[in-house]
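The primary structure of each chain is shown beneath.
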Amino acid sequence: MEVSYKCSLHRCPLGPLLLSMGRVEVKTFMPPLEHRTGLQVNWQESGEALFHEACWRKVVSGTSNSMHDVPLSNVEREMIKEAYNTAEYHNADEKVKVEAKRIADMLKSAKHAIAFTGAGISTSAGIGDFRGKSGKWTEMDRTKTYGASRTTNKKRFSYEELRPTYTHEALHKLIQLGLVKHIISQNCDGLHRLSGIPAAQLSELHGNTFHEKCDTCNAVIEHPQSVRTYSVGGSVKQCPTCRLTHYTGRKCRQRVGESL
């Protein structure tokens with residue numbers, strides 16, 4: 001039996017929201033209790049809501065039309081305007097199939113396809129993103145404008161325990177097939193390398209949390225644990241081996257210039 005949800009619009013005319021349907025997920029600030037009477041959307045305490053695409057369009061249009069069939073209070077108008085900036089759209093299964101075929105045809109006809117990845121590719125692995133509905137920067141902006149939320153969705157994770165997602169594995173397969181020649185990533189989680197992408201076919205713009213690079217000889221050391229988890233506060237003493245300062249708190253295993 002297909003998984004279904006309930007649309008957050010109180011007067012939703014479309015019935016259950018099936019997982020195979022197009023849907024929109026949003027998040028907003030929650031006003032004080034005395035301003036929550038008469039709300040047209042069943043907002044969760046966290047400020048989240050889930051809609052059919054058509055219901056979401058109806059709600060958004062209600063923010064600019066006072067005669068609309070979804071009567072919104074001034075408070076809820078502000079809530080929806082904030083939610084609009086966080087909207088995450090999930091296409092219906094049929095549309096995904098059509099778009100997947102279109103992209104597959106583009107890849108097969110391309111001479112040198114390159115994939116560019118960011119935080120969104122690792123959210124299902126357990127890492128929060130930056131501009132999603134609960135992203136780091138989204139939450140910071142919301143806090144600055146509306147104050148801190150009573151709830152938090154901050155995710156705690158260990159880099160060492162993360163594993164590649166289906167998307168990482170799919171990109172690895174495309175590299176193997178020669179359909180994608182190179183991957184450029186803004187992520188530093190090391191999941192592309194863990195999925196099997198050769199270092200020569202990967203450019204990690206923000207580095208890799210498992211790598212350290214010598215500032216003098218440019219040698220790169222790959223560690224089995226995240227370098228960031230070993231960061232230390234306060235003043236950092238000079239390493240007696242290489243005469244450099246290591247903000248990880250560790251010392252060199254050999255002198256500069258020696259083979260690794």
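Residues numbered from 1 in each chain as written. Predicted model: local features only at pLDDT ≥ 70, side-chain atom pairs only at ≥ 80, totals over all residues. Heavy atoms only, no water.

A. Local environment of the overall build of the protein. Helices and strands together make up the secondary structure of the protein, namely 6 helices and 10 strands. Within the span of the protein, comprising 260 residues, buried residues form 35% of the whole. Long-range pairs, those at least 24 residues apart, make up 58% of the contacts in the protein between residues at least 6 apart in sequence. Here the protein has roughly 16,300 Å² of accessible surface; of this, 53% comes from carbon and sulfur atoms. (Helix = DSSP H or I, 4+ residues; strand = E, 2+ residues; numbered from the N terminus. Buried < 20%, exposed > 50% of the residue type's maximum accessible area, 1.4 Å probe, protein only. Contact = heavy atoms within 4.5 Å. Areas by Shrake-Rupley, 256 points an atom, 1.4 Å probe, with all protein chains shown as cover.)

B. Highlighting the sheet that holds strand E7 (residues 182–185). Taken in spatial order, the 3 strands of this open sheet run E6-E7-E8, and their pairing is parallel. Strand pairing shows two members of the sheet lacking a second neighbour, strand E6 (114–117) and strand E8 (202–204), which therefore form its edges. Averaged over all adjacent pairs, the angle separating strand axes in this sheet is 15 degrees, with direction ignored. The sheet contact formed by E6 and E7 spans 4 bridges and is parallel. From the neighbouring strand, Phe-116 faces E7, where its bridge partner is Ile-184. (Pairing = 2+ DSSP bridges. Axes fitted to C-alpha atoms, helices over the stretch in contact; angles between N-to-C directions.)

C. Molecular detail of the side chain of Asn-208. Within the secondary structure, Asn-208 is located in the loop between E8 and strand E9 (211–213). In terms of polar contacts, Asn-208 uses its side chain to reach the side chain of Glu-204, at 3.1 Å. A polar contact is formed between the side chain of Asn-208 and the backbone nitrogen of Phe-210, at a distance of 2.8 Å. Look past the residues within four positions of Asn-208 in its chain and what remains in contact with it is Cys-188, Gly-190 and Arg-193. (Polar contact = N/O pair within 3.5 Å; in protein donor to acceptor, adjacent residues only side chain to side chain.)

D. Inspection of the pairing of strand E4 (residues 48–52) at higher detail. The buried fraction of E4 amounts to 5 of the 5 residues, a majority that puts the element mostly inside the structure. Of the two faces of E4, the one carrying Glu-48, Leu-50 and His-52 and the one carrying Ala-49 and Phe-51 are both buried. With 5 bridges joining them, strand E3 (residues 23–27) and E4 adopt antiparallel strand pairing. Across the sheet, the residue bridging to Lys-27 is Glu-48, located in E4.

E. Geometry of the packing of helix H1 (residues 53–61) against helix H2 (residues 74–84). Their axes nearest at 10 Å, the elements H1 and H2 cross at an angle of 125 degrees. Put simply, H1 runs oblique to H2. For the element pair H1 and H2, the recorded crossing hand is left-handed. Counted together, Trp-56, Val-59 and Val-60 of H1 and Ile-80, Ala-83 and Tyr-84 of H2 form the full contact between these two elements. Looking at the contact of H1 with H2, its residues break down into 6 nonpolar, no polar and no charged. (Parallel < 35°, antiparallel > 145°, perpendicular 65-115°, else oblique. Left-handed = near helix turned anticlockwise from the far one by under 90°. Nonpolar A, V, L, I, M, F, W, Y, C, P; charged D, E, K, R; others polar.)

F. Expanded view of the nonpolar core. Within the largest apolar cluster, 20 residues are counted, with the highest numbers of intra-cluster contacts made by Leu-9, Val-26, Trp-43, Phe-51, Trp-56 and Val-59. Contributions of two or more residues to this core are made by E3, E4, H1 and H2. Discounting residues that sit within four places of it in the chain, Leu-9 has contacts with Gln-40, Phe-51, Cys-55, Lys-58, Val-59 and Val-70. Core analysis: the next-biggest nonpolar cluster, separate from the first, contains 10 residues, Leu-107, Ile-175, Val-180 and Ile-197 among them. (Core = buried A, V, L, I, M, F, W, Y, C linked by side-chain atoms within 4.5 Å.)

G. Broad picture of the sheet that holds E4. Spatial strand order, E4-E3-E5: 3 strands in an open sheet with antiparallel pairing. Looking along the sheet, the strands with just one partner apiece sit at the ends: E4 and strand E5 (88–90). Geometrically, the sheet is characterised by an average inter-axis angle of 20 degrees between neighbouring strands, direction not taken into account. Strand contacts of H1: E3, E4 and E5, with the helix running at about 115 degrees to E4, the strand carrying the most contacts.

H. Representation of a nonpolar patch on the surface. On the surface, a nonpolar cluster with roughly 250 Å² of combined accessible area is contributed by Val-3, Tyr-5 and Leu-19. Among the secondary structure elements, Val-3 is positioned in the segment before strand E1 (4–5). Under the relative-accessibility criterion, Val-3 is labelled partly exposed at 42%. (Patch = residues over 30% accessible without salt bridge, like charges linked within 9 Å, V, L, I, M, F, W, Y side chains within 5 Å. Salt bridge = Lys/Arg side-chain N within 4 Å of Asp/Glu carboxyl O.)

I. Geometry of H1. When we look at burial in H1, the residues that qualify are Cys-55, Trp-56 and Val-59. On an axial view of H1, the arc spanned by its buried residues comes to 100 degrees, and they lie on one face. Residues of H1 that are buried make contact with E3, E4, H2 and E5. (Arc of directions from axis to C-beta.)

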